[in-house]
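The lines below spell out each chain.
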Amino acid sequence: MLTYFFKRLGLAAVIVSVAMFILFCMIYLIPGDPASVALGPRATEEMRASLREAMGLNQPVPVQFWNFYSSAWMGDLGTEVLSGRPVLTVVLEQLPYTLALIAGGITWSVALGIPLGCWAAVSRGSWADRIVGILSVAVIAVPSFVIAIYALLIFAVQLRWLPAIGAGEPGDLGDQLTHLILPSLAVGLGWVGYIARMVRASMLEVLEASHIRTARAFGLPDRMITYRYALSIAILPTVTLLGVGIGQMLSSAVFAEIVFARPGVGKLVYDAILTRNFPVVSGTVLVTTVLFVLLNLLADLIIGALDPRVRSSF
Amino acid sequence: MTTLAIDGLNVTFSTEDGPLHALKNVSFDVPENRIVGIVGESGCGKSTLINAILGLLADNGSIDSGSILFQGRDDLTKLGPAQMRDLRGPKISTVFQDPMGALNPVISVGQQMINIQYRSDISKQEKAQRAVDMLELVRIPDARAALARYPHQFSGGMKQRIAIAMALMMEPALLIADEPTTALDATLEVTTIELLKDLQQQIGCSVLFISHHLGVIAELCDDVVVMYAGEVVERGTVRQIFNDPRHPYTARLLECDPARQSERTRSLPTIPGEIPDLRARPRGCIFANRCHRVHDACAAPPPDHDVGDGHVARCFVANVPETVEATA
Ligand SMILES: Nc1ncnc2c1ncn2[C@@H]1O[C@H](COP(=O)(O)OP(=O)(O)O)[C@@H](O)[C@H]1O
Ligand code: SF4
Ligand SMILES: [Mg+2]
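Computed from a prediction, not measured in an experiment: that's the story for all the values here.

Reading the values: the criteria
Residues numbered from 1 in each chain as written. Chains lettered and ligands numbered in written order. Predicted model: local features only at pLDDT ≥ 70, side-chain atom pairs only at ≥ 80, totals over all residues. Heavy atoms only, no water. Helix = DSSP H or I, 4+ residues; strand = E, 2+ residues; numbered from the N terminus. Rg over C-alpha atoms; globule rule 2.2 N^0.38 Å. Buried < 20%, exposed > 50% of the residue type's maximum accessible area, 1.4 Å probe, protein only. Contact = heavy atoms within 4.5 Å. Areas by Shrake-Rupley, 256 points an atom, 1.4 Å probe, with all protein chains shown as cover. Lys, Arg positive; Asp, Glu negative; His and termini not counted. Charge placed at Lys NZ, Arg CZ, Asp CG, Glu CD. Near = heavy atom within 4 Å. 1 Å grid on protein atoms, 1.4 Å probe; cavity = no way out; pocket = protein on both sides within 12 Å on 5 of 7 lines; lining within 4 Å. Sits in = over half its atoms within 2 Å of the grid points. Nonpolar A, V, L, I, M, F, W, Y, C, P; charged D, E, K, R; others polar. Pairing = 2+ DSSP bridges. Axes fitted to C-alpha atoms, helices over the stretch in contact; angles between N-to-C directions. Parallel < 35°, antiparallel > 145°, perpendicular 65-115°, else oblique. Left-handed = near helix turned anticlockwise from the far one by under 90°. Points joined across faces, edges and corners; volume = space filled by probe spheres on them.

Asks: Help me understand the overall build of chain B, please; the structure alone is not making it clear to me.
Replies: Counting its regular elements, chain B contains 11 helices and 12 strands. At 21 Å, chain B has a C-alpha radius of gyration in line with the 20 Å of a compact globule built from 328 residues. For the C-alpha atoms alone, the extent of chain B along its principal axes is close to 70 × 40 × 40 Å. The proportion of buried residues among the 328 residues of chain B is 55%. At a minimum sequence separation of 6, the contacts of chain B that also span at least 24 residues come to 65%. When the accessible surface of chain B is summed, it comes to about 13,400 Å², and 49% of that surface belongs to carbon and sulfur atoms. Distance from the positive charge centre (31 side chains) to the negative charge centre (41 side chains) of chain B: 3 Å.

Structure representation (structure tokens):
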């Protein structure tokens, strides 16, 4: 188990390194001189030259990459152009909001999707199954920003049940949670559909397995068979799906943060692009890549915890 | 007392191409403390019969007529789902064919063995102890440690012995074994069969043993039921069936099996021709299209002929043994 964990961690480091390389190439290939961009049109040639010197832009490209690469691993992602604050600090300030949003989205999708999929599988062919099927396709088909806007209009503007914008008072957990409900629903609702369909399909498959027939042949109660014997296996593809889907959730989070004017990594990168704050853009991309890789690793570890067959192949 | 008395059982599956008459007028008994073997080609309705007994027929299957009397009291065809569930496990336990897939892959063996004792009031430790005792009985090495392990950590033969341990732990009145050794190699098959016979005597239950190995049936069983295309074509004691077969199908099976009961064959010998489509059963004898003794009378359904001492064959010429006919 432990060796597996370190192997996976090593792989994660490789993936992050490749991502850094691609990011470096993109920054390097962006037309224009970063020093001129940073200093604006009215800077003198001497000012540009000294900044270029300070930024290490006069050094050979491999050395530049190495500097970028090694300092990124040390947590130095450069400084923000205007305020001069370290990019890592700026990104990490915003990260908890996005993590909360994604966690909320996963909670919604799992809390609704798994029971619905289970219900549909157990009552296969009934009206309940058909309604779940139609709803699943519907929520998958609607883009999350549309869901976000409608959720905002209905629950915040029309019904006034929930707050419309922001992330809530800092330090007031209840207020922050109520502010989380709508945006996380917007992020997670499409996933309710994916998960319900996935769980339904794998439940139907597992319920046909011979070990389920064995369980029935011992007269185990239906509830134990459905939840303990079948769902514990049928859940596995869903965990994998969620692990892969984290990337898509991150992009829905960007829209949700903009629509609900929430702080977060999405909002940060959006504003940074508008203000051509490139160190923040590349730093955010890097941090989200690491996040994505780590959450994927987490999904794999969860699979290992749930499935002894996977665990012993570690 | 008869553990299981099946009388005139008919089962049909509704299919897209119309009803499929999978079991037709099936009758036989499983007496107390005896091992009854069911032999027949694949597709002849062995699993359907088991599922009908267990109340686990597929949704499209139904029992149209007949009775399955358990311990002289309950007609299993008339019990509701909850009552059937109460019988499955404590009264009727089952070992299925597939040792690889018969146990849940994500629940430890010990937990599965504890779960099936959910009706019992004893403590969890006592349940675990019973599981250990049973695993020792089926000769699983290091039985206590085995409780914490998962099915994939055992070999096929061990898994099948664990399945047997689970079934017998319930101390059932009837043990059903659906081709429990088919997936095992010959050596494992012998040890598993011997173990099963041993335990049956210790526990004192009746066994309904399904197989298509004639040799295994001859070795293990007291009585034999020969099935063909959803019908019991012949039944009797092992001696009656193997020494004096009266149905042409049984005779052909034994004839085609050169080694007879002494040697095992991996599958039933082949007889030229095919099983008729069960969706369009012939009006007369079901075996007529493959029978070497077919004659005019066979266009009508043959009766169950009792040729003496409970030896019954569903054939018009059952009372005329083949050897007699050949010399006449
Ligand atoms: N659920 C089902 N629906 C339709 N036909 C079935 C179903 N189950 C079994 N049958 C048919 O019933 C017959 C007997 O099958 P089965 O009991 O599985 O035979 P065996 O176990 O002897 O191989 C076969 O013709 C099979 O195709
Ligand atoms: S009834 Fe006729 S066709 Fe059928 S097995 Fe007997 S002899 Fe053959
Ligand atoms: Mg079968």
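Here the narrative resumes, following the displayed structure.
Asks: Teacher, can you tell me more about the site of ligand 2 here?
Replies: Residue and element names in this part refer to chain B. In the vicinity of ligand 2, the contacting residues are His-247, Pro-248, Cys-285, Ala-288, Cys-291, Arg-293, Cys-298, Pro-302, Cys-315, Phe-316 and Val-317. Spatially, ligand 2 is embedded in the largest cavity. Taken together, the residues that form the shell around ligand 2 break down as nine nonpolar, one polar and one charged.

Asks: Sorry if this is basic, but what is going on with the sheet that holds strand β10 (residues 231-237) of chain B here?
Replies: Two strands in a sheet stick together by hydrogen bonds in their backbones, pointing the same way (parallel) or opposite ways (antiparallel). Residues and elements named next belong to chain B. Pairing is mixed in the open sheet, where eight strands are placed in the order β6-β7-β8-β3-β9-β10-β12-β11. Each of the sheet's edge strands pairs with one partner strand only, and the pair in question is β6 (92-95) and β11 (304-306). Neighbour-to-neighbour, the strand axes of this sheet turn through a mean angle of 20 degrees, independent of strand direction. In terms of strand pairing, β11 meets strand β12 (residues 312-314) through three bridges, oriented antiparallel. Each residue of the ladder has a partner; that of Asp-306, found in β12, is Val-312. Sheet contacts for helix α6 (residues 156-169): β6 and β7 (174-178); angle to β6, the most-contacted strand, approximately 175 degrees. Of the strands in this sheet, β9 (223-228) and β10 are in contact with helix α10 (residues 248-256), which crosses β9 at around 105 degrees.

Asks: Explain the packing of helix α7 (residues 144-158) of chain A against helix α11 (residues 236-259) of chain A to me, please; I cannot follow it from the model alone.
Replies: To characterise two packed helices, one gives the angle between the axes of the helices and the distance between these axes. All names here are of chain A. It is at 9 Å that the axes of α7 and α11 come closest, and there the two elements cross at 30 degrees. In terms of orientation, α7 lies roughly parallel with respect to α11. Between α7 and α11 the crossing geometry is right-handed. Across the interface between the two elements, Ser-144, Phe-145, Ala-148, Ile-149 and Leu-152 from α7 touch Ser-252, Phe-255 and Val-259 from α11.

Asks: Could you clarify how one ought to interpret empty space enclosed by the protein in this entry?
Replies: Unoccupied space between atoms shows up once a probe the size of one water molecule is rolled over them. In total, this model carries five cavities of 30 Å³ or more according to the counting rule given. Taken as a whole, the largest cavity encloses approximately 70 Å³ of empty space. As for the largest cavity, its lining consists of B:Pro248, B:Cys285, B:Ala288, B:Cys291, B:Arg293, B:Val294, B:His295, B:Cys298, B:Cys315, B:Phe316 and B:Val317. Grouping the constituent residues of the lining of the largest cavity by class yields nine nonpolar, one polar and one charged. Considering each element in turn, the lining of the second largest cavity owes the most residues, three residues, to helix α9 (residues 210-217) of chain A.

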